[in-house]
Every structure is written in C-alpha cells, then in structure tokens.
Amino acid sequence: MRLQYPTNIKVVRVPCTGKVDVLYILHSFEKGADGVYLVGCLEGGCHYNSGNLKARKRVEQARKILDTIGIGGERVRMYNLSSSDGPLFAKYATEMDEKIREMGPNPIKLAKKKKAA
Amino acid sequence: MIVADKKPIEEIIEYLKGKQNILILGCNECVTVCEAGGKKEVGVLASALRMYFQNQGEDVKIDEVTLERQCDHEYLEEIRDRVDQYDAVVSLACGVGVQFMAEKYHSTHIYPGVNTCFLGATEERGLWTERCQACGQCILATTGGICPVSRCAKRLLNGPCGGSTTGKCEVKKGDEEIDCGWQLIVDRLQALDRLDEYETLCPVKDWSTDRAGGPRKVIREDLKQ
Ligand code: SF4
Ligand code: SF4
C-alpha cells in the first residue's frame with residue numbers, strides 16, 4: 001500500500017493517545033505548529049480502555065484555550081480509526097492539511113515576523 | 001480538602017494587561033488534587049498567556065513555579081530571592097495561599113488565578129461536592145456522620161423542615177434538585193439502627209465559632225514556641 005499523504009505533517013508516536021497531554025498540544029503551538037491532530041484508535045477499541053476518550057477531552061480543552069487566546073481552536077482535531085486503516089489515515093492527513101491551509105499559518109508566527117520587520 | 005475551580009483565562013488576561021514580568025505560582029496541595037492550581041495547570045495557563053501576548057506582539061516574560069504549599073512561611077520563603085523581579089504574580093493556590101503570598105511580599109501585585117469554592121470531597125474525577133463549612137463545633141457525632149450545616153440549605157439543626165418532599169429539598173440549584181440533608185440524616189440513622197437518637201433535640205448551637213463571629217483563630221499553647 002503506497003499511499004501518499006502531505007509531507008508537511010510530522011508524526012509524533014506515542015504509546016496511546018491517552019499519553020497526549022493538553023500541554024503537549026499547547027507547547028506545539030508555542031513552538032510554531034500550524035495545527036495539531038491526534039489519531040487514536042476507534043472509540044471503544046482502546047487497549048488501555050479509555051486513552052482515546054481522554055485524548056478527545058484534552059483536544060476539547062486545548063480548542064477552548066486556543067479560541068480564547070485568538071489562535072483558533074479549529075487548529076486542533078481528534079480523529080479515530082482502526083490501526084490497520086491506512087487509506088483513512090491518509091485521508092485524515094489530507095483533510096487536516098486542507099483545513100489548516102484554509103486557516104492560514106499560526107498567528108504567533110505572523111506576529112513574530114511583523115515585530116522583527 | 002479545599003476545592004477550587006479555574007478562573008477563566010480572559011479574566012486573568014485582564015489583570016495582566018501592561019505587565020512585563022509575570023510569575024504563575026502553583027500549589028502542590030488541594031488545588032493540585034482538584035486540578036485547578038497544580039503544576040500542570042500552571043503550565044497550561046503560562047503557555048496560554050505566552051501565546052496570547054506573543055500574538056498581541058508584546059514581549060512578556062512568563063515564569064512557572066509550583067510550591068509545596070502557599071499557606072506556610074517556609075515554602076513561600078523559597079521564592080523570596082526572585083519575587084522582586086516580577087511585576088505580577090498569579091497565584092493558583094486557594095484564597096488562603098493568595099492572601100499569605102500578598103501579606104508576605106508587598107513589592108509585587110498578587111492576583112488570584114482560581115475561584116476558591118468550598119471544603120469538599122472528590123466524588124469522581126471532575127466532580128467535587130461540599131461537605132463541611134468549618135463551623136468550628138463539629139456535630140457529626142449526633143447526625144449519623146452527615147453535616148446539616150453544609151448539606152441543609154437552611155443549616156437546620158433539627159430538621160427536616162416542611163419543604164422536604166420525597167427526599168428532595170425545596171431549595172434548588174437552578175433546575176437541579178438537591179437532596180434534603182435531613183432526609184439523608186434520617187435515612188442514615190435508620191440504617192444504623194440509631195433512629196432513637198433522632199428524637200433527641202439538638203440544643204442551640206454555639207455559632208460564635210462559625211464565620212459570623214468574624215475571622216477565627218486556632219491557638220494551641222501546647223505547640224506554640
Ligand atoms: S458540623 Fe461543622 S465542622 Fe462538622 S462537618 Fe459540619 S460544618 Fe464541618
Ligand atoms: S428541605 Fe431538607 S435540606 Fe432543604 S431546607 Fe428543609 S431540611 Fe434543609
């Protein structure tokens with residue numbers, strides 16, 4: 001299966017999406033990420049029972065914070081798929097890439113550039 | 001424990017407008033357990049504020065420290081050598097910690113980062129409920145271990161009142177019904193086969209130890225030095 005997905009996506013592997021803390025998400029934006037999405041197993045299919053459900057809650061927390069501070073909560077998303085579903089993984093990557101292109105770059109980067117100019 | 005809830009970030013941003021050097025100060029005790037003001041919440045708030053100010057094109061330095069407690073001198077002393085460098089400290093401790101901090105350090109503005117709510121228990125993650133109002137004269141021995149001061153809307157000592165219907169109080173929290181504290185007490189005494197104790201009238205309580213008498217003190221001569 002030689003599937004293509006956008007090359008601007010950096011994959012960070014974690015043992016379970018339940019490992020992803022709201023701080024990981026926020027720090028990614030602080031460091032200039034334009035978007036962050038979590039890809040977890042299907043709901044009900046977590047090997048640790050509820051890791052992906054916890055991840056979804058953290059995505060919601062991060063979204064709320066990013067909306068409040070004017071970065072845009074839509075930049076964070078949660079996806080679920082079966083771990084063998086490569087085509088869906090590629091589809092989500094493309095969808096996320098399109099969504100972020102629509103929103104434009106992380107406004108912090110723009111603010112920094114403006115200041116430097 | 002003391003239960004607190006996070007303040008909205010918008011409110012904290014309002015306090016901090018125009019500040020350049022900010023310390024977010026957490027506490028490792030109650031507010032950590034109720035996930036309102038521990039190391040994690042310090043990190044989240046600091047990160048959110050950094051991004052907010054960067055996005056506004058402002059250069060604001062935001063540091064993070066979490067102390068073991070903010071209601072004891074020895075732990076607050078740990079930041080004495082650095083506190084002067086900040087023009088604002090947001091304390092995520094309960095109201096006690098915020099005040100102790102403000103009493104000790106006068107050179108810096110201290111702002112509260114949480115809303116301190118009550119003395120309560122963790123029923124489950126994300127759900128905390130009130131259990132005690134620190135009345136200073138505990139009467140749990142006679143009420144089956146259920147506190148009428150905090151669980152009865154009218155703080156009745158000989159309840160229930162006429163507003164108790166099918167186990168629910170006539171007072172509601174918005175649309176949400178609350179259990180009648182006195183029905184809980186009666187049910188508990190019955191389950192313990194101690195219903196006869198319910199017949200004994202509770203004498204007039206000495207409320208001078210309650211909040212109405214102004215700020216309170218506990219003095220222990222056996223411990224004082
Ligand atoms: S009787 Fe007073 S001290 Fe005892 S639990 Fe109730 S409020 Fe707290
Ligand atoms: S109904 Fe029960 S809880 Fe409510 S005020 Fe009356 S005695 Fe107290």
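Each chain carries its own residue numbering, running from 1 in the written order of its sequence. Labels are handed out in written order, letters beginning with A for the chains and numbers beginning with 1 for the ligands. For a predicted model such as this one, the threshold for reporting local features is a pLDDT of at least 70, and the threshold for listing and counting side-chain atom pairs is 80 or more; totals across whole chains, interfaces and linings nevertheless cover every residue. With hydrogens and water excluded, all non-hydrogen atoms of the structure serve as input to the side-chain values.

## Things to note about the overall build of chain A
- Helix and strand labels come from DSSP, where a helix needs a run of H or I of at least four residues and a strand needs a run of E of at least two; each type is numbered from the N terminus. Of regular secondary structure, chain A possesses four helices and two strands.
- For chain A, the sequential pattern of α-helices and β-strands runs α-β-α-β-α-α.
- Taken over C-alpha atoms, the radius of gyration comes to 15 Å for chain A, in line with the 13 Å a tight globule of 117 residues would show.
- Within chain A, the proportion of its 117 residues that are buried is 42%.
- Restricting the contact set of chain A to residue pairs at least 6 apart, pairs at least 24 apart contribute 68%.
- Of the charged side chains in chain A, 21 are positive and 12 negative; the average position of the first set lies 6 Å away from that of the second. We compute the radius of gyration over the C-alpha atoms and compare it with the globule rule, which gives 2.2 Å times the number of residues raised to the power 0.38. Type-normalised accessible area, obtained with a 1.4 Å probe on protein chains alone, sets the label of each residue: buried when under 20%, exposed when over 50%, and partly exposed for intermediate values. The contact criterion used throughout is that any non-hydrogen atoms of two residues lie within 4.5 Å. Asp and Glu count as negative and Lys and Arg as positive, but His and the ends of the chain are not part of the count. One atom stands in for each charge, and that atom is NZ of Lys, CZ of Arg, CG of Asp or CD of Glu.

## Some details on the domain arrangement of chain B
- Where a domain begins and ends is set by an automatic assignment or by a domain database. Looking at the assigned domains, one finds that chain B contains domain 1 (2-118) and domain 2 (133-205).
- Once you take the C-alpha centre of each, domain 1 of chain B and domain 2 of chain B turn out to be 38 Å apart.

## Description of the side chain of Thr108 of chain B
Residues and elements named next belong to chain B.
- Tracing the backbone through its elements, the reader meets Thr108 in the loop between helix H6 (95-104) and strand S5 (109-112).
- Here Thr108 falls in the buried class, since its relative accessible area comes to 7%.
- In the analysis that follows, any N or O atom pair within 3.5 Å is treated as a polar contact, provided that within protein one partner can donate a hydrogen and the other can accept it, and provided that, for residues neighboring in sequence, both atoms belong to side chains. Polar contacts involving the side chain of Thr108 include one to the main-chain carbonyl oxygen of Tyr86, which spans 3.4 Å.
- When sequence neighbours within four positions are dropped, the list of residues in contact with Thr108 reads Val83, Asp84, Tyr86, Asp87, Ala88 and Val89.

## Looking at the nonpolar core
- Take the buried residues of types Ala, Val, Leu, Ile, Met, Phe, Trp, Tyr and Cys, join any two whose side-chain atoms come within 4.5 Å, and each joined set is a nonpolar core. Core analysis: the biggest nonpolar cluster contains 48 residues, and Ile25 and Ile69 of chain A together with Leu16, Ile22, Ile24 and Leu49 of chain B have the highest contact counts within it.
- Looking at this core element by element, the count peaks at nine residues for helix H3 (residues 39-55) of chain B.
- Apart from the residues lying within four places of it in its own chain, the contact partners of Ile25 of chain A are Val20, Val36, Leu38, Arg58, Val59, Ala62 and Val76 of chain A.
- Counting 13 residues, the second largest nonpolar core, distinct from the first, contains Leu23, Leu25, Val65 and Val98 of chain B.

## Digging into empty space enclosed by the protein
All names here are of chain B.
- A cavity here means a set of 1 Å grid points, computed over protein atoms only, where a 1.4 Å probe fits but cannot escape. A pocket is an open set with protein on both sides within 12 Å along at least 5 of 7 lines, and lining residues have an atom within 4 Å of a point. Grid points are joined across faces, edges and corners, and a volume is the space filled by probe spheres set on the points. Scanning the entire structure with this criterion turns up one cavity of 30 Å³ or more.
- Computed from the structure, the largest cavity encloses a volume of approximately 90 Å³.
- Contributions of two or more residues to the lining of the largest cavity are made by strand S8 (168-173) and helix H8 (181-191).
- In terms of residue count, S8 provides more of the lining of the largest cavity than any other element does, three residues in total.

## Details of the packing of helix H1 (residues 9-16) of chain B against H3 of chain B
Residue and element names in this part refer to chain B.
- For helices, the fitted axis covers only the stretch in contact; all axes are lines through C-alpha atoms, and the angles between them, taken along N-to-C directions, range from 0 to 180 degrees. Close contact between H1 and H3 brings their axes to 11 Å; oriented N to C, the two are set at 60°. Here H1 lies oblique to H3, going by the angle between them. As H1 packs across H3, the resulting crossing turns out to be right-handed. Side by side, H1 and H3 meet where Ile9, Ile12, Ile13 and Leu16 of the first sit next to Leu45, Ala48, Leu49, Tyr52 and Phe53 of the second.
- Considered class by class, the residues forming the contact of H1 with H3 number nine nonpolar, no polar and no charged. Throughout, the term roughly parallel applies to angles under 35 degrees, roughly antiparallel to angles over 145, roughly perpendicular to angles from 65 to 115, and oblique to all others. Should the near helix be turned anticlockwise from the far one by less than a right angle, the crossing is termed left-handed; should it be turned clockwise, right-handed. In this classification, the charged set is Asp, Glu, Lys and Arg, the nonpolar set is Ala, Val, Leu, Ile, Met, Phe, Trp, Tyr, Cys and Pro, and all remaining amino acids, among them Gly, are polar.

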